[in-house]
Amino acid sequence: MLRWLRIKGNSMIPAVQPGAYVLLGPCWRPKPDALVCVRHPHYGDLVKRLRHYDAQGRFCLAGENTASVTSEQMGWLPRSALLGRVWLVIQPDNRHSSK
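How each quantity is defined
- Residues numbered from 1 in each chain as written.
- Predicted model: local features only at pLDDT ≥ 70, side-chain atom pairs only at ≥ 80, totals over all residues.
- Heavy atoms only, no water.
- Pairing = 2+ DSSP bridges.
- Helix = DSSP H or I, 4+ residues; strand = E, 2+ residues; numbered from the N terminus.
- Phe/Tyr/Trp six-rings, centres within 6.5 Å; stacked < 30°, edge-to-face > 60°.
- Lys NZ or Arg CZ within 6 Å of the ring centre and 35° of its normal.
- Disulfide = S-S within 2.5 Å.
- Buried < 20%, exposed > 50% of the residue type's maximum accessible area, 1.4 Å probe, protein only.
- Contact = heavy atoms within 4.5 Å.
- Polar contact = N/O pair within 3.5 Å; in protein donor to acceptor, adjacent residues only side chain to side chain.

## Details of the pairing of strand S4 (residues 44-53)
Two strands pair when backbone bridges link them, and strand S3 (residues 35-40) and S4 are joined in this way by 6 bridges, in the antiparallel orientation. Bridging from a neighbouring strand, Leu-35 pairs with Arg-49 of S4. Between the end of S3 and the start of S4, which pair antiparallel, lie 3 residues. Counted along the chain from S4 to the antiparallel partner strand S5 (residues 59-62), the turn is 5 residues long, and its residue Gly-57 has a positive phi close to 85 degrees.

Set out below in structure tokens:
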């Protein structure tokens with residue numbers, strides 16, 4: 001199933017800007033460096049970069065900049081927390097400012 005999400009935070013700058021839309025799709029075989037969406041028990045739904053995936057099916061995530069929650073704070077997550085892989089990013093058009 002495909003679905004759109006709008007990015008609210010700045011933890012994924014420069015890869016994904018606040019206000020961007022991401023298209024989520026299935027993630028059959030998670031691979032390191034893929035952008036994924038997870039449901040974290042403390043932080044809610046997050047888009048992060050997958051850093052490690054172990055033999056027990058757990059994975060570790062990371063943000064793109066210092067504003068992100070750290071990998072250590074997020075901890076290892078079970079495969080069941082994975083909502084999907086980011087298939088497409090549509091960045092906001094920041095060339096126009098509202099007056």
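Picking up where we left off.
## Some thoughts on the packing of aromatic side chains
Counted according to the given criterion, the structure contains 1 aromatic pair. Summarising the aromatic geometry, the rings of Tyr-53 and Phe-59 are spaced 6.3 Å apart at their centres and angled 15 degrees between planes, so their arrangement reads as stacked. Just above the ring of Trp-76 sits the side chain of Arg-58; from NZ or CZ to the centre is 5.1 Å.

## Remarks on the state of the cysteines
Throughout the structure, instances matching the rule amount to 0 disulfides. Just so you know, Cys-27 is unpaired, no disulfide at all, and the nearest cysteine sulfur is the one on Cys-37, 11 Å from it. Cys-27 provides the cysteine sulfur closest to Cys-60, a residue in no disulfide bond, and the two sulfurs are 15 Å apart.

## Describing the environment of Ser-11
In this fold, Ser-11 is placed in the loop between strand S1 (3-6) and strand S2 (21-25). Exposure remark for Ser-11: the relative accessible area of 16% places this residue in the buried category. The sequence separation of Ser-11 and Val-22 amounts to 11 residues, and the corresponding C-alpha distance is 14 Å. Residues in contact with Ser-11, not counting those within four places in the same chain, are Lys-48, Gly-63, Glu-64, Asn-65, Ala-67 and Ser-68. Side chain to side chain, Ser-11 and Lys-48 meet in a polar contact 2.7 Å long.

## Quick look at unusual backbone geometry
Put simply, Ile-13 and Pro-14 share a cis peptide bond, and its omega is 15 degrees. The topology assignment puts Pro-14 in the loop between S1 and S2. One non-glycine residue, Asp-33, lies in the positive phi region at around 80 degrees. As for its placement among the helices and strands, Asp-33 is situated in the loop between S2 and S3. Given the relative accessible area of 46%, Asp-33 is considered partly exposed.

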